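A look at the structure
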Amino acid sequence: MPDPNGPKTFLITGASSGIGAATARAAVAAGFRVALAARSADKLAALADELGSGNAVAIACDVTDFVAQQAMAAAAVEAFGRIDVVLANAGLGSTAGGIENGDPDNWREMILTNIYGCALTAKVCLPEVRKRKGHILLLGSRAGRRTIKGSIYGATKWAVTGLGNNLIEELEGTGVRCTLIEPGMVDTPFFETAKPDALKAEDVANAIMYAVSQPDHVDVSEILVKPISR
Ligand SMILES: NC(=O)c1ccc[n+]([C@@H]2O[C@H](COP(=O)([O-])OP(=O)(O)OC[C@H]3O[C@@H](n4cnc5c(N)ncnc54)[C@H](OP(=O)(O)O)[C@@H]3O)[C@@H](O)[C@H]2O)c1
């Protein structure tokens, strides 16, 4: 039986790679236990192994599936007895082509993952997070703050900006904090080729941990972080 008075638990979707995996490492270093969710069970198991079985639990989950996300939240509580902090981070980018020549199947997957999946993560975790007066962070993008011609990906991130701002209003007075994280380009497997001038995943993890580590009376609503070169 997990100890509900044990260390705080940090649930991360999209934890198998990039920003999510870097945040998991930073969270464990800061004393959190982590619940790691993504579709790639093998990558999650390797990361959980690296972080130590008492510190991490791997939960295979497709964020576009509501029932799977409900099971994800339940598995985190079963493992650690609580959920304090949530990073809704799972996401993917677009194939080329803009609106006229883009691929509608890619749009559907992106919209379901980046918008619907993100909203579901907040929904399924909120009952536990409310009990702890915890923290929900949504991984948006600088692309959700500026115009990028023909970009459906950018449009999904504008939606995440809207979701975050609306959630901040919904949570007012509850003691639950909500933060929108809006990175510019980050060098992760999100891209097929390396991006040496971009941010590192660890830079974004640092921004996330800044928001999470503030005293209880400080509520960081939004962090836009970009590489100096762009
Ligand atoms: N890289 C950038 O330049 C950049 C900039 C701004 C914002 N972002 C955002 O940052 C977030 C993380 O991206 P990243 O750069 O770290 O890319 P990444 O390394 O490709 O990581 C994406 C993560 O999302 C997971 N994922 C994708 N679809 C999923 C689904 N249906 N269900 C569960 N998990 C799913 C992937 O795991 P599985 O494939 O194992 O499921 C992976 O763990 C995304 O929301 C992205 O839009 C990225």
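The structure we're discussing is the one just above.
This structure is a prediction, so every number in the text was calculated from the model and none was measured.

A few points about unusual backbone geometry
The phi dihedral of K133 is positive, around 45°, even though this residue is not glycine. Residue classification places K133 among the exposed positions, given a relative accessible area of 56%.

A look at the site of the ligand
Taken together, the neighbourhood of the ligand is formed by 30 residues, with S17, R39, S40, Y153 and T188 sitting nearest. One of the side-chain nitrogen or oxygen atoms of T188 is found 2.6 Å away from an oxygen atom of the ligand. Coverage of the ligand by the protein amounts to 93% of the 880 Å² it exposes when considered alone. Split by residue class, the shell around the ligand holds 15 nonpolar, twelve polar and three charged.

A closer look at the sheet that holds strand β9 (residues 222-225)
Spatial strand order, β3-β2-β1-β4-β5-β6-β9: seven strands in an open sheet with parallel pairing. Looking at strand neighbours, the two that pair on one side only are β3 (56-60) and β9, the edges of this open sheet. On average, adjacent strands in this sheet sit at an angle of 15° to one another, irrespective of strand direction. Note that strand β5 (residues 135-139) and strand β6 (residues 177-183) share five bridges and pair parallel.

With respect to the side chain of N89
Along the chain, N89 falls in the loop between β4 (85-88) and α4 (98-101). The class for N89 is buried, based on a relative accessible area of 11%. Setting aside anything within four residues of it in sequence, one finds N89 in contact with T13, G14, I19, G20 and L139.

Re the side chain of D84
With respect to the helices and strands, the residue D84 is situated in the loop between α3 (66-80) and β4. Using a relative accessible area of 3% as the deciding quantity, one classes D84 as buried. Side-chain polar atoms of D84 contact the backbone nitrogen of T9, separated by 2.8 Å. Not counting chain neighbours up to four residues away, the residues in contact with D84 comprise K8, T9, V129, R132, G134 and H135.

Thoughts on the pattern of salt bridges
All chains considered together, the criterion is met by eight salt bridges. Residues R82 and D84 are paired through a salt bridge, measuring 2.8 Å at the closest nitrogen-oxygen approach. Note that E222 and R145 form a salt bridge whose closest N and O atoms lie 2.1 Å from each other. Of the two residues, E222 is situated in strand β9 and R145 in the loop between β5 and α6 (152-170); the sequence distance between them amounts to 77 residues. Judged by its relative accessible area of 34%, R145 is partly exposed. Through salt bridges with shared partners, a single ionic network connects R145, E182 and E222.

Points about the environment of R145
With twelve residues separating them along the chain, R145 and K157 place their C-alpha atoms 8.1 Å apart. In contact with R145, not counting residues within four places along its chain, are W158, T161, N165, E182, E222 and L224. A distance of 3.4 Å separates polar atoms of two side chains, one belonging to R145 and the other to E182.

As for the packing of aromatic side chains
On inspection of all chains with the given rule, the structure shows three aromatic pairs. An angle of 75° between the planes, with centres 5.4 Å apart, marks the rings of F10 and F32 as edge-to-face. With F10 in strand β1 (residues 9-13) and F32 in the loop between α1 (18-29) and β2 (33-38), the pair connects residues that are 22 residues apart, well separated along the chain.

How each quantity is defined
- Residues numbered from 1 in each chain as written.
- Predicted model: local features only at pLDDT ≥ 70, side-chain atom pairs only at ≥ 80, totals over all residues.
- Heavy atoms only, no water.
- Buried < 20%, exposed > 50% of the residue type's maximum accessible area, 1.4 Å probe, protein only.
- Near = heavy atom within 4 Å.
- Polar contact = N/O pair within 3.5 Å; in protein donor to acceptor, adjacent residues only side chain to side chain.
- Areas by Shrake-Rupley, 256 points an atom, 1.4 Å probe, with all protein chains shown as cover.
- Nonpolar A, V, L, I, M, F, W, Y, C, P; charged D, E, K, R; others polar.
- Pairing = 2+ DSSP bridges.
- Helix = DSSP H or I, 4+ residues; strand = E, 2+ residues; numbered from the N terminus.
- Axes fitted to C-alpha atoms, helices over the stretch in contact; angles between N-to-C directions.
- Contact = heavy atoms within 4.5 Å.
- Salt bridge = Lys/Arg side-chain N within 4 Å of Asp/Glu carboxyl O.
- Phe/Tyr/Trp six-rings, centres within 6.5 Å; stacked < 30°, edge-to-face > 60°.

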